[in-house]
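Structural characterization, general
What follows is the residue order along each chain.
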Amino acid sequence: MEEEARKLLEEGIRKKLLSPGKGELSTFPNGTKVIFHYRTSLCDGTVLDDSRTMGGRSKPMELILGKKFKLAAWERVVITMRQGEISEFTCDTKHTALYPLVSQSLRNISAGKDPLEGQRHCCGIAQIHSHHSLGHKDLDQLQANPQPLVYTIELLEVLPPGTFQLDVWAMTDEEKLQLVPQIHEEGNMLFKQGKITEASGKYYNGIACLKNLQMKEHPGDEAWLKLDHMITPLLLNYCQCKLLQGQYYEVIEHCTSLIFKYEDNVKAFYKRAKAHAAVWNEAEARADFARVLVLDPSLELSVAKELRVMEERIRSKDAEDKGRYRGLFNKTPATATTG
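The rules behind these values
- Residues numbered from 1 in each chain as written.
- Predicted model: local features only at pLDDT ≥ 70, side-chain atom pairs only at ≥ 80, totals over all residues.
- Heavy atoms only, no water.
- Helix = DSSP H or I, 4+ residues; strand = E, 2+ residues; numbered from the N terminus.
- Contact = heavy atoms within 4.5 Å.
- Areas by Shrake-Rupley, 256 points an atom, 1.4 Å probe, with all protein chains shown as cover.
- Phe/Tyr/Trp six-rings, centres within 6.5 Å; stacked < 30°, edge-to-face > 60°.
- Buried < 20%, exposed > 50% of the residue type's maximum accessible area, 1.4 Å probe, protein only.
- Lys NZ or Arg CZ within 6 Å of the ring centre and 35° of its normal.
- Pairing = 2+ DSSP bridges.
- Salt bridge = Lys/Arg side-chain N within 4 Å of Asp/Glu carboxyl O.
- Axes fitted to C-alpha atoms, helices over the stretch in contact; angles between N-to-C directions.
- Parallel < 35°, antiparallel > 145°, perpendicular 65-115°, else oblique.
- Left-handed = near helix turned anticlockwise from the far one by under 90°.
- Nonpolar A, V, L, I, M, F, W, Y, C, P; charged D, E, K, R; others polar.
- Disulfide = S-S within 2.5 Å.
- Expected span 1.5 Å × (residues − 1).
- pLDDT = per-residue confidence, 0-100.

Observations concerning the overall build of the chain
- Of regular secondary structure, the chain possesses 12 helices and six strands.
- Considering only intrachain contacts with a sequence separation of at least 6, the fraction spanning at least 24 residues in the chain is 70%.
- Of the roughly 19300 Å² of accessible surface on the chain, a fraction of 54% belongs to carbon and sulfur atoms.

Next comes the structure, spelled out in structure tokens:
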């Protein structure tokens, strides 16, 4: 134990044991999954992230050792821990430079967003030295002023290679590409069964998987475009789920991004039109439905039906509003009385 602590100290990491674990220290071969809770703090005690409270829920971190995780310090320190152990690791700045990017991804995941959202197409070091905002004031400050950090880690579980199913993020690029069609089909099956939330999750995972691969390609290149064409049907299916869940503004946002790249995508126009109609954007809905008919005249009956539904909703709303205002302004004023 003392020898390991001395090695860490030589590397710029100071370990403080808070609660000992149980059993023997694992050998941690590559491919081992480690599950742990973490709290990241500045040296003055200011907490940046806590896996027990992030996103309003308690979700531990999972790592597959040997997969070149961006924050190498976490891999380095967990292999000094026993299962159940809680320790505090104060790491020099050379070990914490990439933490703002890692934290941004973890915060995105906890909020149900794309883990790569907001990250530029460049390596981590290039991002650190750019002036690009990470969308969080504390992370922007940390990125501009790198400093030592304190990681408090509780090692919950150690799973040897072969004893668990690989998560998508832990797969090789080839494994991810092979998995996406399966994810897509599973999403379709769930959708047909009326399990919209579960189907939405499948489509989201497929999109995130492909975007992860796309980040390694140059935008506009053949490989990038091939991946983008794989993302498009998944994103359209995801939007269909969001329509049914009433997440209309999210549908508008995603479909607009598709139309910006593929201006003849009739499905994107159709779904965006329905979303606009749902949030009372009549002019925008009519414009999108008109574009749908230009791109695919065979949808005339479907478009006519959607327009009738929208017009009936508008008439009902107008009548309701008129009734409300009539009742408001036609009230008999109170008569003053004298004693």
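A closer look at the packing of aromatic side chains
- Evaluated as defined, the whole model comprises eight aromatic pairs.
- Relative to Trp74, the ring of Phe36 has its centre 5.6 Å away and its plane inclined at 90 degrees; by these criteria the two rings are edge-to-face. You can see Phe36 sitting in strand β2 (residues 33–42) and its partner Trp74 sitting in helix α2 (residues 72–78), a full 38 residues away along the chain. Per residue, the accessibility class of Phe36 equals that of Trp74, and both read buried.
- Centroid distance Phe69 to Trp74: 6.1 Å. Interplanar angle 20 degrees. Geometry classified as stacked.
- The class of Phe69 is partly exposed, set by a relative accessible area of 22%.
- Among the aromatic residues, ring-to-ring pairing joins Phe36, Tyr38, Phe69, Trp74, Tyr99 and Tyr151 into one connected group.
- For the cation-ring pair, Arg313 lies above Trp280, with the distance from its terminal atom to the ring centre recorded as 4.0 Å.
- Lys317 extends its terminal NZ or CZ atom over the ring of Trp280, reaching a point 5.3 Å from the ring centre.

A few points about the pairing of strand β3 (residues 47–50)
- One ladder, built from three bridges, connects β2 with β3; its direction is antiparallel. If you follow Arg39 over to β3, its bridge partner there is Asp50.
- A loop of four residues connects β2 with β3, the two strands running antiparallel in sequence, and Gly45 in this loop sits at a positive phi of about 100 degrees.

Focus on the pattern of salt bridges
- Taken as a whole, this structure holds 17 salt bridges when the rule is applied.
- Two residues, Asp228 and Lys261, come together in a salt bridge whose shortest N-O distance is 3.1 Å. Of the two residues, Asp228 is situated in helix α8 (residues 222–244) and Lys261 in helix α9 (residues 248–261); the sequence distance between them amounts to 33 residues.
- Take Lys261: its relative accessible area is 40%, and that puts it in the partly exposed class.
- One salt-bridge network, held together by shared partners, links Glu3, Arg6 and Glu10.

Here we look at the packing of α8 against helix α10 (residues 266–278)
- Two numbers describe how α8 lies on α10: the axes approach to 11 Å, and their chain directions differ by 15 degrees. For the element pair α8 / α10, the angle class is roughly parallel. Considering how the two elements wind past one another, α8 and α10 form a crossing that is left-handed. Residue-level inspection shows Leu236, Cys239, Gln240 and Leu243 of α8 in contact with α10, the latter providing Lys267, Ala268, Lys271, Lys274 and Ala275.
- Of the residues in the contact of α8 with α10, the class split is five nonpolar, one polar and three charged.

A word on the state of the cysteines
- Under the defined criterion, the tally for this structure stands at zero disulfides.
- Its sulfur unpaired, Cys91 is 9.5 Å from the next cysteine sulfur, which belongs to Cys43.
- In this structure Cys241 is a free cysteine whose sulfur lies 9.2 Å from that of Cys239, the closest cysteine sulfur available.

Observations concerning the environment of Gly246
- Inspection of the secondary structure assignment puts Gly246 in the loop between α8 and α9.
- When its relative accessible area of 33% is taken as the criterion, Gly246 is described as partly exposed.
- The spatial distance from the C-alpha of Gly246 to the C-alpha of Val279 is 9.7 Å, given a sequence separation of 33 residues.

Considering α8
- Between the first and last C-alpha of α8 there are 34 Å, a value that for 23 residues agrees with the 33 Å anticipated at 1.5 Å per step.
- Just downstream of α8, Gly246 is the residue with a positive phi angle, here 80 degrees.

Things to note about the confidence of the model for the chain
- Of the residues in the chain, 88% reach a pLDDT of 70 or more, and the chain-wide mean stands at 88.
- Every residue in residues 119–131 is under pLDDT 50, and counting partners more than four places away or in other chains gives 29 contacts.

A few points about the environment of Met81
- Structurally, Met81 can be placed in the loop between α2 and β5 (86–91).
- Sequence separation between Met81 and Leu17 is 64 residues, and the spatial gap between their C-alpha atoms is 9.4 Å.
- When neighbours within four sequence positions are excluded, Met81 is seen to be in contact with Lys15, Leu25, Phe28, Ile86, Ser87, Phe89, Ile153 and Leu155.

Examining unusual backbone geometry
- At Phe28, a residue that is not glycine, the phi angle is positive and equals roughly 50 degrees.
- Mapping Phe28 onto the fold places it in the loop between β1 (13–19) and β2.
- For Lys68, which is not a glycine, the phi torsion comes out positive at approximately 60 degrees.
- Along the chain, the position of Lys68 falls in the loop between β4 (61–64) and α2.

Looking at the packing of helix α3 (residues 99–110) against helix α5 (residues 137–144)
- Between α3 and α5, the shortest axis-to-axis distance is 9 Å and the interhelical angle comes to 160 degrees. As judged from the angle between their axes, α3 and α5 are roughly antiparallel. Relative to α5, the crossing made by α3 is left-handed. Across from Tyr99, Pro100, Ser103, Gln104 and Arg107 in α3, the residues of α5 making contact are Asp138, Leu139, Leu142 and Gln143.
- Of the residues that constitute the contact of α3 with α5, the class distribution is four nonpolar, three polar and two charged.

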